Amino acid sequence: MSQPSLAILVLAAGQGTRMKSDLPKVMHRLAGKPMLGHVLDTLKPLAPDRVVVVAGPDMPSVEEAAKPHAVALQRERLGTGHAVMAARPALADDRFDTVLVVYGDTPLLTSETLARLVEERRRTEAAAVVLGMRPAEPGAYGRLVLGADGMLEAIVEAAEATPEQKAITLCNSGVMALDGGRIWDLVGRIRDDNAKGEFYLTDAVAIARGDGLGARVVEAPMEELAGVNSRADLAAAEATLQHRLRARAMTGGATLIDPATVFLSTDTVLGRDVVIQPNVFFGPGVAVGDRVEIKAFSHIEGATIADDAIIGPFARLRPGAELGPGSHVGNFVELKNTKLGAGAKANHLTYLGDSEIGENTNIGAGTITCNYDGFDKSRTVIGRDVFIGTHTSLVAPVTVGDGAMTAAGSVVTEDVPADALALGRARQVTKPGFSAQFRAQKRADRQK
Ligand code: UD1
Ligand code: MG
């Protein structure tokens, strides 16, 4: 083998019956991203020459999420060895020195651990190197049977294990690096004459040892290897992942006053000296600049927030929200597909959608951009240094020029030129004494 070359198989054909879901198991989300996406992200730093996702039939969402990688369909679910065989056509050119097998439902694995496994396979030229773990409850996991020399002799599934083997605490995580030159010979000899009537990939180890080839174990912390089989497992994996993401945010210089209540996405970017109050949710695609303060109970996704902005409490930033430096978005304010200029403020009870707001403009309480007519969305463009009066309805498409004002309670349907005042409301009528007369009349009526 002149050039080391790595192929990775991601086994994801299981529907995940215990999830009790219409969604394939690997499409369930952690930190806003399907588990399969997490696994594929973890593979990137290994720079694999090919990745093949093994999916079941009727899993279009898995095929879509696997892109741009190849997908091999395993039409019948006959075991992990059978799943690996299903990927053979996608690896037919045989130029891989190592084939790494990972599971799509083990989303917390790190790139470092996988790199260690591949490195051990290459260094020792073993036929198989298995990632081992020591769970508190070995339960249904396969047991790793070691020889006196520390070599891996066999993997015994719990269903077939003798009482002595069941007492082994070193278990199979399922992740395995195989010699690319021997994989098809080894896996091709696996039989299904066992308790479950399945082709166990794990049998490749004993077959290799029978041929006099080497097999080894690399251990990794249990926390990385937790598999997701149920909703409870999914919640536990989410907790582990959130713990990691919060730690990363704090290491990067953000203050999380109550970290356990802040939910992050894997791609959340937080600047230095950002302060996040309790109960803030970050969906995918959020980037936050330096010294930004995000107050309690804010929900943010697909938004870019520049330095020194102040958000919340109770703010909602939806995709396409772009907040300029030093801008303020206050309580019960929603922004969607809206650019808020530097120093601009929308502090209370407001909806700004499909709009652009210039620098230092003040949006009064209760302002609404009427951006949707039931069919189409239209834009509202507001210049700089504008004063939008309280409770203004801006009926889009509409433009308000620099330095203009709108009167409180206006419904603005026509463009407002720069420096003008727009009044769009009924003129007030005042009737002196009316209220007193009204009350007197009502009281007199009651005496009758
Ligand atoms: C497997 C291992 C076991 C290990 C455990 C770790 C075997 C025989 N056993 O058992 O030693 O301790 O994982 O979690 O390998 N899959 C397919 N097609 C199939 C069967 C499985 O794609 O036909 C995929 C599943 O979607 C899943 C993974 O392979 O992602 C593991 O399958 P699963 O049935 O959960 O294996 P276990 O019985 O848990
Ligand atoms: Mg399993």
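This structure is a prediction, so every number in the text was calculated from the model and none was measured.

Trainee: Outline helix H7 (residues 203–210), listing residues and values.
Mentor: For H7, the set of buried residues is Ala204, Val205, Ile207 and Ala208. In an axial view of H7, the angular spread of the buried residues amounts to 165°, which keeps them on one side of the axis. On its buried face, H7 sits against strand E7 (128–133), strand E9 (152–156), helix H6 (183–188) and strand E11 (215–219). Looking one or two residues past H7, Gly212 carries a phi angle of roughly 80°, positive in sign.

Trainee: Please set out the pattern of salt bridges residue by residue, giving values where relevant.
Mentor: Within this structure, the stated rule accounts for 22 salt bridges. For the salt bridge of Arg384 with Glu359, the shortest nitrogen-to-oxygen distance reads 3.5 Å. You can see Arg384 sitting in the loop between strand E28 (380–382) and strand E29 (387–388) and its partner Glu359 sitting in the loop between strand E25 (345–357) and strand E26 (362–363), a full 25 residues away along the chain. Arg384 gets classed as partly exposed once you look at its relative accessible area, which sits at 37%. Here the salt bridges do not stand alone but share partners, grouping Asp97, Arg121, Arg122, Asp179 and Arg182 into one network.

Trainee: Can you break down the site of ligand 1 residue by residue, with the values?
Mentor: Inspection of the region around ligand 1 gives 20 residues, with Gln74, Gly79, Thr80, Glu157 and Asn172 positioned closest. Gln74 is positioned with one of its side-chain polar atoms (N or O) 2.6 Å from a nitrogen atom of ligand 1. Separating an oxygen atom of ligand 1 from a side-chain N or O atom of Thr80 is a distance of 2.7 Å. Among the elements of the structure, strand E1 (6–12), helix H3 (80–86) and strand E10 (171–179) are those that each provide at least two residues to the shell around ligand 1. For the shell around ligand 1, the per-class residue count stands at eight nonpolar, eight polar and four charged.

Trainee: Describe the environment of Phe281, naming the residues involved and giving the relevant values.
Mentor: Within the secondary structure, Phe281 sits in strand E16 (residues 280–282). Looking at Phe281, the relative accessible area reads 37%, which means it is partly exposed. For the pair Phe281 and Gly366, spaced 85 residues apart in sequence, the C-alpha separation works out to 24 Å. Apart from residues lying up to four places away in sequence, Phe281 is in contact with Phe263, Ser298, His299 and Ile300.

Trainee: Please set out unusual backbone geometry residue by residue, giving values where relevant.
Mentor: Excluding glycine, most residues fall at negative phi; most peptide bonds, likewise, are trans. Look at the link from Gly312 to Pro313: it is a cis peptide, with omega at 0°. Along the chain, Pro313 turns up in the loop between strand E21 (310–311) and strand E22 (315–317). In this chain, Ala396 is followed by Pro397 through a cis amide linkage whose omega measures 5°. Secondary-structure assignment places Pro397 in the loop between strand E30 (393–395) and strand E31 (398–400). Even without a glycine there, the phi angle at Glu125 is positive, about 55°. Take Glu125: it is sitting in the loop between helix H4 (111–124) and E7. With a relative accessible area of 62%, Glu125 lands in the exposed category. Positive phi is not limited to glycine here, since Asp419 has a value of about 65°.

Basis of the calculations
- Each chain carries its own residue numbering, running from 1 in the direction its sequence is written.
- Going through the entries in the order they are written, you letter the chains from A and number the ligands from 1.
- Owing to the predicted nature of the model, reporting of local features is limited to residues with pLDDT of at least 70; listing and counting of side-chain atom pairs is limited to 80 or more, with chain, interface and lining totals taken over all residues.
- Hydrogens and water are ignored here; the side-chain numbers use all heavy atoms of the structure.
- The buried label goes to any residue with under 20% of its type's maximum accessible area, the exposed label to any with over 50%, and the partly exposed label to all in between, with areas taken from a 1.4 Å probe on protein chains only.
- Runs of H or I in DSSP of at least four residues are treated as helices and runs of E of at least two as strands, each being numbered from the N terminus.
- Arc, as used here, means the arc of the directions from the helix axis to the C-beta atoms.
- The contact criterion used throughout is that any non-hydrogen atoms of two residues lie within 4.5 Å.
- Each reported salt bridge corresponds to a side-chain nitrogen of Lys or Arg within 4 Å of a carboxyl oxygen of Asp or Glu.
- Nearness is judged by heavy atoms alone; a residue qualifies as near a molecule or strand once a single heavy atom is within 4 Å of it.
- Here a polar contact means two N or O atoms within 3.5 Å. Within protein one must be a hydrogen donor candidate and the other an acceptor candidate, and residues neighboring in sequence count only if both atoms are side-chain atoms.
- Amino acids are sorted into nonpolar (Ala, Val, Leu, Ile, Met, Phe, Trp, Tyr, Cys and Pro), charged (Asp, Glu, Lys and Arg) and polar (every other residue, Gly among them).

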